[in-house]
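# Observations on chain architecture
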Amino acid sequence: MAARYKVYLVTGAIEREGYTLYCSVLFFDPEGNYLGKHRKIMPTYSERLVWGCGDCSTTPVFDTPYGKLGSVICWENRMPLLRTSMYAKGY
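Remember, it's a predicted structure, so these values are computed and weren't measured experimentally. (Residues numbered from 1 in each chain as written. Predicted model: local features only at pLDDT ≥ 70, side-chain atom pairs only at ≥ 80, totals over all residues. Heavy atoms only, no water.)

## Details of the side chain of Glu-15
Locating Glu-15 in the fold gives a position in strand β1 (residues 9-17). Residue Glu-15 is classed as buried on the basis of its relative accessible area of 16%. Side chain to side chain, Glu-15 and Ser-24 meet in a polar contact 2.6 Å long. (Helix = DSSP H or I, 4+ residues; strand = E, 2+ residues; numbered from the N terminus. Buried < 20%, exposed > 50% of the residue type's maximum accessible area, 1.4 Å probe, protein only. Polar contact = N/O pair within 3.5 Å; in protein donor to acceptor, adjacent residues only side chain to side chain.)

## A look at the pairing of strand β2 (residues 20-28)
Across 9 bridges, the pairing between β1 and β2 is antiparallel. From the neighbouring strand, Ala-13 faces β2, where its bridge partner is Ser-24. Between the end of β1 and the start of β2, which pair antiparallel, lie 2 residues, with Gly-18 showing a positive phi angle near 65°. Across 5 bridges, β2 lies against strand β3 (residues 34-39) in antiparallel orientation. What sits directly across from Ser-24, in β3, is Arg-39. In this antiparallel pair of consecutive strands, β2 and β3, the connection spans 5 residues, and Gly-32 shows a positive phi of 90°. (Pairing = 2+ DSSP bridges.)

## Focus: the packing of aromatic side chains
All chains considered together, the criterion is met by 3 aromatic pairs. Ring plane angle 85° and centroid distance 6.3 Å describe the contact between Tyr-8 and Tyr-66, whose orientation is recorded as edge-to-face. Placement of Tyr-8 in the loop between α1 (2-5) and β1 and of Tyr-66 in the loop between β4 (61-64) and β5 (67-70) is noted, with a sequence separation of 58 residues between them. Residue classification places Tyr-8 among the partly exposed positions, given a relative accessible area of 28%. For Tyr-66, a relative accessible area of 74% puts it in the exposed group. Geometrically, the ring pair formed by Phe-27 and Phe-62 is tilted, given 5.1 Å between the ring centres and 55° between the ring planes. On the criterion of sequence distance, the pair formed by Phe-27 in strand β2 and Phe-62 in strand β4 is long-range, its members being 35 residues apart. Classification of Phe-27 as buried rests on a relative accessible area of 0%. One cation-aromatic arrangement involves Arg-39 over Tyr-22; the distance from NZ or CZ to the ring centre is 3.8 Å. (Phe/Tyr/Trp six-rings, centres within 6.5 Å; stacked < 30°, edge-to-face > 60°. Lys NZ or Arg CZ within 6 Å of the ring centre and 35° of its normal.)

Following this line, the structure appears as structure tokens:
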């Protein structure tokens, strides 16, 4: 879809690795190439019964002609150290 419309595409997805499910965000460039992903770091409350925890290795910030592109999921917006990490990457 990113290639069809020549846009940067950021989309939520349920990702499975082994027996663990992750709440993730996937990034694609205007040619449709996969750029990377971000896994939710800490599921909230009862989400922990289903989702695995991310390990903070997937907090990318991408340079685009329009500016920086990155993502946080849900209450990660309220995590000061995650925001600090994103700001340090230029987000």
